[in-house]
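Survey of secondary and tertiary structure
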Amino acid sequence: MYSREIDGQILTLSASGWTYRNTFVLYDKETESLWYHLKGDDGLTCIAGKFADRKLPELNSVLTRWNTWVNSNPESKFLMNQ
Amino acid sequence: MKAYLKVFGLFGLAAFLACSSSTSSSAAEEPAPVVQQEEKIFIIDRTGKQWDVTHAVKKYGMKADEFQFGLGPNAIPPINNPIFAAPGDPNYPSLNQTFLVIGTILNDEPRAYPLFTLTSHEVVNDRFGDRFVAIGY
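Residues numbered from 1 in each chain as written. Chains lettered and ligands numbered in written order. Predicted model: local features only at pLDDT ≥ 70, side-chain atom pairs only at ≥ 80, totals over all residues.

Examining the overall build of chain A
Across its full length, chain A carries 1 helix and 10 strands. Each helix and strand of chain A, placed in order from N terminus to C terminus, yields the pattern β-β-β-β-β-β-β-β-β-α-β. Overall size of chain A, expressed as C-alpha extent along the three principal axes, is 40 × 30 × 25 Å. A burial count over chain A gives 43% of its 82 residues as buried. A fraction of 19% describes how many contacts in chain A between residues 6 or more apart in sequence connect residues 24 or more apart. (Helix = DSSP H or I, 4+ residues; strand = E, 2+ residues; numbered from the N terminus. Buried ≥ 20, exposed ≤ 12 C-beta atoms within 10 Å, placed from the backbone. Contact = placed C-beta atoms within 7 Å.)

Some thoughts on the interface of chain B and chain A
In this assembly, 64 residues from chain B lie in contact with 49 residues from chain A. Breaking the side of chain B that touches chain A down by element, the ones donating at least two residues are β3 (50-52), α2 (54-60), β4 (67-69), β5 (84-85), β6 (100-106), β7 (109-114), β8 (123-128) and β9 (131-136) of chain B. The greatest single-element share of the side of chain B that touches chain A, amounting to 7 residues, is contributed by β6(B). The class makeup of the residues in the side of chain B that touches chain A is 42 nonpolar, 15 polar and 7 charged. One ladder, built from 3 bridges, connects strand β4 (residues 13-20) of chain A with β4(B); its direction is antiparallel. Across the sheet, residue A:Trp18 finds its bridge partner in β4(B), namely B:Phe69. (Nonpolar A, V, L, I, M, F, W, Y, C, P; charged D, E, K, R; others polar. Pairing = 2+ DSSP bridges.)

Side note on the pairing of strand β1 (residues 34-37) of chain B
All names here are of chain B. In this sheet, strand β2 (residues 40-44) lies alongside β1 in antiparallel orientation, the contact comprising 4 bridges. Note that in β2 the partner of Gln37 across the bridge is Lys40. Taking the residues between adjacent antiparallel strands as the criterion, β1 and β2 are bridged by 2 residues, where Glu38 takes a positive phi near 55°.

Some words on the sheet that holds strand β5 (residues 23-28) of chain A
Paired through backbone hydrogen bonds, the strands of a sheet run either parallel or antiparallel to each other. Spatially, β8(A)-β7(A)-β6(A)-β5(A)-β4(A)-β4(B) is the arrangement adopted by the 6 strands of the open sheet, whose pairing is antiparallel. Lying at the two open borders of the sheet, with one neighbouring strand each, are β8 (55-57) of chain A together with β4 of chain B. Neighbouring strand axes in the sheet, compared pairwise and without regard to direction, differ in orientation by 40° on average. (Axes fitted to C-alpha atoms, helices over the stretch in contact; angles between N-to-C directions.)

Structural notes on the confidence of the model for chain B
All names here are of chain B. When pLDDT is averaged across chain B, the result is 85; 79% of the residues are at 70 or more. Confidence drops under a pLDDT of 50 for residues 2-25, and excluding neighbours within four residues, the segment shows 29 contacts in the predicted structure. As scored by the predictor, the complex reaches a pTM of 0.86 and an ipTM of 0.97. (pLDDT = per-residue confidence, 0-100.)

Written out as structure tokens, the structure is:
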């Protein structure tokens with residue numbers, strides 16, 4: 001999970017349709033800058049476009065199983081979109 | 001952003017595209033078409049859209065022809081209007097199910113995003129109060 005705020009602007013991130021070395025390349029709809037998680041980095045780096053070299057920091061999240069997650073976080077909401 | 005599994009959706013599309021072509025078994029995995037114009041480097045996706053990757057190449061040493069698939073920016077639509085079920089809602093998953101989720105807690109609010117949804121959208125644009133975040137897989 002990443003922040004999508006930069007300089008007070010809210011970005012809408014999306015898959016660009018490209019992958020690079022088996023990792024999705026994202027872009028933002030507002031500026032069409034490209035965002036990529038560089039190896040060993042702790043966020044998305046703007047590799048091309050208006051925000052070149054700027055970063056969207058990674059925020060804490062875990063990959064786990066639903067039963068494990070909900071037992072630890074019984075108030076958790078659950079994403080319903082298909 | 002690093003998993004191999006997450007290209008499931010792309011591989012599915014790639015397989016479909018490959019099946020529609022008798023001359024290539026892995027058309028979508030071919031290197032991106034690269035165009036150089038003076039100092040600029042562009043890659044061209046399947047929709048004809050040109051992407052300027054000059055900075056990625058010159059600053060980060062990325063190779064223009066190692067960008068793959070190029071399905072176009074509308075091939076994998078993100079979720080921009082996330083809808084959540086709360087405990088007690090009729091469609092809330094039963095607590096003993098073992099499918100994978102990305103879980104996070106922000107502003108004291110825990111939320112879970114199932115991978116079976118993330119794999120077909122890649123990105124969820126969400127907000128927790130005044131914090132705007134993107135969940136990607």
